[in-house]
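Notes for the structure review
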Amino acid sequence: MTTTTRRPSRSGLRGGEALSGYLFTAPMVILLGLFLVVPVLMALWVSFSDWTGRGSPLSGNVNFVGLKNYSALLTGGGLAEQDFGTALKNNAWYVVLVVPLQTALALFLAVLVNRQILKGRGFFRTAFYFPSVTSSVAITVLWLFLFNSTGAVNKLLSYLGVKGPNWFNDPDGIIHNFLGLFGVKSGPSALTNSTALGVSWWDWLGGPSVAMFAFVLLAVFTTSGTFMLLFIAGLQNLGGDVTEAAMMDGANGWQRFWQVTLPQLRPTLFTVLTLGLIGCWQVFDQIYTGTKGAPGKTTLTPAFLSYQSAFNNQEWGQGAAIAFLLFIIIVLFTLLQRWILAERKVSKRRMRGYEVPPKDGDPDGPKDDGPEGPDDWKDGNGPLKVATGIAASQIISKNQGGSI
Amino acid sequence: MQRRTNRWLAAGILATAGVLALSACSSGFGAGSSDSSGGKLTSSKKALTVLIGSSGDAETKAVNSAVADWSKSSGTDAKVSVASDLNQQLAQGFSAGKPADVFYLSTDALAGYASNGSLLAYGDNLKNKADFYPSLVKSFTYDNKFYCAPKDFSTLALEINTDMWKAAGLTDADIPTTWDQLETVAKKLTTDGHVGLGIGGEYARLGAFMTEAGGNLMNSDSTKATANSSENIAGLDYAKKLMADGSLKYAKDLGAGWGGEAFGKGLAAMTIEGNWITGAMTSDYPTVNYTIAPLPAGPAGKGTLQFTNCWGIAADSPNQAAAVKLVEKLTSSSDQLAFSTAFGPMPSIKSAADTWKKDNPKLVPFLEAADYAKGVPAAKGAADVVTDLNSKLESLATGDPKTILDATQKNLEALVK
């Protein structure tokens, strides 16, 4: 950025371009500013203020209270901290279950409906995508019926000889339930006596409640269709050449998927995981229409808690503070995930496997009779690595465009 | 780098300008709202808006026609709107400085809105002030000011399935009036098919036992936490004992959503619910024969819980005088009796009691309970504490009442500090 070529004077033929550029973007910039940036800044201010919900938060009788709202949530020792801890615990389990499950299912469905030989692909794609376009409120209500104590799901389970739980009324953690099968009813005192955010470690490790688990199933059911679509787009973007190369090298379908296709889908995977992570941490509508935090606060989530503290309890500062803590959590998780999925240079040691030995160093050539060479089929190591090497180099070259 | 900074600068300027613009608007709102708690009521020609959280068409229609009648006679326009989420819409109105003039307000929301000055404390201006039940007035008194007129109320009583009662060989003389008798009949009524007493596992039902033992979570002004008193512990101990006997079960454990459902489906021979259960019984379980008895007395005599709402008036309303007039009309004997016929609540004024009892002979125990009923805690944030208590009461059968109530005591003390 040190040496920039001096631009010609703006009065020329293209002089007005910058101005019209700003003009064209102005409506959107103003709309975004007014309805996004300004409210966010105001909420930030509310989280540091003692606003009580009457009149404007910017009026003169609202005072700055520093980190009071945040400390009530993080170190207050009262009900506010306990509720926040409970909400984080519930949502963390929700994320831990939903994100991998929905991503795996979406990828599985995408691979299925992406196959050329599948008849009626359009039908299946529509069918799998359908839950995503239905309103979340409608689906939640449907879920409440299905998972009623005498509902369809329990009826189905009863045919299998299983007595289904009273889904949306059951506050027991599923890991606690599992341990209960072995007679472990209460945790060791090391876990029950020490707490984090007002919730004992034993409870943190209790797993999602049965009620929350029903929400996990709901989320996987509704969102995997959306992400399936992203994966289909990703799959269709892949050139056939690399796969063909892998085929020629003798990789079977399983190997082609794991070592050729999946690495190439990394940008899509990143998108899906990021969107999934954000969506999961912000889960609100299902809770609002479904259980409102019941039973036993085990479906309370930070997003719903934020709403509840502000609108029902008139604790506007705390409600806003929860929203910003949630924001920080989401950013941290996204960064962490980005770091985990980041492209790393292939190490020298691994790279050596991909290198084609120089011809002149080996006049007779390796004992290699081409792809049909019997050794290579069993070996599954050398040739396949060439294909993955090509795939890897392609991804690297693609990513140099700064796709992520 | 240069261009980058410029961009951020521009965004910053835009944001600041936006905030300033909004604050300019807001100072406009602020100027109009003056604290009118002590002074004269505002009065203008503006139409009134009435915001209600309706239980259904019957209620909406009844309120609509009552308000329309008042508009006709007073000459002031008034419009009723039904909130889909009352708390949220109220909060939005207050923060925008343009709230509804008259609205439903629950006991647990009162303290929050009263403390930030959103509400008009008009109770003392009411002509029919002396007619309200004193315990209801107490529920809507905050900081020694009677804020709003009780709209109507409900109390808990004991509902008994008469067919199961007879099948167990019990007669009218056996209707329990003490804890010991309740224990006996609950045992007798427990069979393979149904449990003796099935109730919702929450404070709003189990709290009745606490009041029968002479306690409650807070004192009647909601200024002092009394959650872990020996009376409350005795109340929960009694419920726990019935559970251990197998003669008391939570509706949830019977596979029902609430006590009324367990009772209607015949999963429980008795339940403890409020007068709203009659509507559900008529519409969902019309074949079940039942009778209503007062809750049996505990060690400290009779006790029950009461639930109520009031007609709130906004401090920011430009037409408070007319709003008070409207509320006087809506809480009058004739209007309350009309509401009662339409959707079943009990009138909040003593002068309507006799007519109501004559019209609803079966439901008399509900109204008579007004003499000894106690309110639920109304301190700011108490609803949250009660939710927390409810989550612990779910495991009362295996839990320790004192530990449960100690935690609630700590949480309530934090509210009134």
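In this report, the structure presented in the accompanying data block is examined. Counting starts from 1 at the beginning of each chain's written sequence and moves along it residue by residue. Lettering for chains starts from A, numbering for ligands starts from 1, and both go in the order in which the items are written. Local features are withheld for residues below a pLDDT of 70 in this predicted model, meaning they are given only at 70 or higher, and side-chain atom pairs are given and counted only at 80 or more; totals for whole chains, interfaces and linings count all residues. Just so you know, side-chain values use all the structure's heavy atoms and leave hydrogens and water out.

Considering the overall build of chain A
Across its full length, chain A holds 19 helices and two strands. When a residue's accessible area, from a 1.4 Å probe over protein chains only, is under 20% of the maximum for its type it is buried; when over 50% it is exposed; and in between it is partly exposed. Expressed as a percentage of its 404 residues, the buried residues of chain A come to 38%. By the convention used here, residues are in contact when the closest approach between their heavy atoms is within 4.5 Å. Look at the contacts in chain A between residues 6 or more apart in sequence, and 69% of them connect residues 24 or more apart. Reported accessibility uses the Shrake-Rupley method at a 1.4 Å probe radius. Residues are deemed covered only where the shown protein chains occlude them. Entry remark: accessible area of chain A is about 23200 Å², with carbon and sulfur atoms responsible for 66%. Where helices and strands are cited, they refer to DSSP runs of H or I of at least four residues and of E of at least two residues respectively, numbered from the N terminus.

A closer look at the interface of chain B and chain A
Taken together, the 36 residues of chain B in the interface contact 34 residues of chain A. Sorting the residues of chain B by area buried against chain A places Ser 95, Asn 116 and Asp 384 of chain B first, and these three jointly supply 17% of that buried surface. Within this document, salt bridges are pairs made up of a side-chain nitrogen of Lys or Arg and a carboxyl oxygen of Asp or Glu, the two lying within 4 Å of each other. On inspection of chain B and its partner chain A, the count reaches three salt bridges. Note that Lys 380 of chain B and Glu 315 of chain A form a salt bridge whose closest N and O atoms lie 3.5 Å from each other. Each polar contact in these results corresponds to two N or O atoms within 3.5 Å; when the atoms are within protein, one needs to be able to donate a hydrogen and the other to accept it, and residues that are neighboring in sequence are counted only if both atoms are side-chain atoms. Where chain B touches chain A, the interface holds 13 residue pairs in polar contact (both at pLDDT 80 or more). Those elements that provide at least two residues to the side of chain B that touches chain A are helix H1 (2-32), helix H3 (86-96), helix H4 (107-115), helix H16 (382-393) and helix H17 (401-416) of chain B. Top element by residues in the side of chain B that touches chain A is H1 of chain B. It accounts for eight residues. When two parts are brought into contact, each loses some accessible area as probed by a 1.4 Å sphere; the total of that loss over both is the buried area.

A word on the packing of H16 of chain B against H17 of chain B
Residue and element names in this part refer to chain B. One way to put it is that H16 packs onto H17 with a least axis distance of 10 Å and a crossing angle of 170°. On the basis of their axis angle, the class for H16 and H17 is roughly antiparallel. Across the interface between the two elements, Ala 382, Val 385, Asp 388, Leu 389, Lys 392 and Leu 393 from H16 touch Ile 404, Ala 407, Thr 408, Asn 411, Leu 412 and Leu 415 from H17. Split into classes, the residues belonging to the contact of H16 with H17 amount to eight nonpolar, two polar and two charged. Simply put, an axis is a line fit to the C-alpha atoms, just over the touching stretch for a helix, and the angle between two N-to-C directions goes from 0 to 180 degrees. Throughout this description, any angle smaller than 35 degrees is read as roughly parallel, any larger than 145 degrees as roughly antiparallel, any in the 65 to 115 degree range as roughly perpendicular, and the remainder as oblique. Polar here means any residue outside two lists: the nonpolar Ala, Val, Leu, Ile, Met, Phe, Trp, Tyr, Cys and Pro, and the charged Asp, Glu, Lys and Arg; Gly therefore counts as polar.

Here's the deal with the packing of aromatic side chains
Stacked, tilted and edge-to-face are the three classes applied to pairs of Phe, Tyr and Trp rings, where Trp contributes its six-membered ring and a pair requires centres within 6.5 Å; stacked means planes under 30 degrees apart, edge-to-face means over 60, and tilted covers the rest. On inspection of all chains with the given rule, the structure shows 35 aromatic pairs over all chains. Relative to Phe 304 of chain A, the ring of Phe 284 of chain A has its centre 5.9 Å away and its plane inclined at 40°; by these criteria the two rings are tilted. Taken together, the residues Phe 284 of chain A in the loop between helix H13 (266-281) and helix H14 (285-290) and Phe 304 of chain A in helix H15 (residues 302-312) connect sequence positions 20 residues apart. Judged by relative accessible area, which is 24%, Phe 284 of chain A ranks as partly exposed. Geometrically, a charge over a ring is one whose NZ (Lys) or CZ (Arg) sits within 6 Å of the ring centre while staying within 35 degrees of the ring normal. The cationic tip of Lys 151 of chain B hangs over the ring face of Tyr 104 of chain B; the distance from NZ or CZ to the ring centre is 4.0 Å.

Some points on the nonpolar core
In terms of nonpolar packing, the biggest core is built from 137 residues, with Tyr 94 of chain A together with Phe 103, Leu 105, Leu 119, Tyr 122 and Trp 311 of chain B touching the most fellow members. Here this core gets 14 residues from one element, more than from any other, and that element is helix H10 (residues 210-237) of chain A. In this text, buried Ala, Val, Leu, Ile, Met, Phe, Trp, Tyr and Cys residues form a nonpolar core when linked through side-chain atoms within 4.5 Å. In this structure, Ile 160, Met 210, Ala 213 and Ala 379 of chain B belong to the second largest nonpolar core, which totals 50 residues.

Regarding the pattern of salt bridges
Residues and elements named next belong to chain B. Considering all chains together, one arrives at 17 salt bridges over all chains under this definition. One salt bridge in this structure joins Lys 187 and Asp 245, with 3.9 Å as the shortest N-O distance. Placement of Lys 187 in helix H7 (residues 179-189) and of Asp 245 in helix H9 (residues 230-245) is noted, with a sequence separation of 58 residues between them. Note on Asp 245: relative accessible area 35%, which makes it partly exposed.

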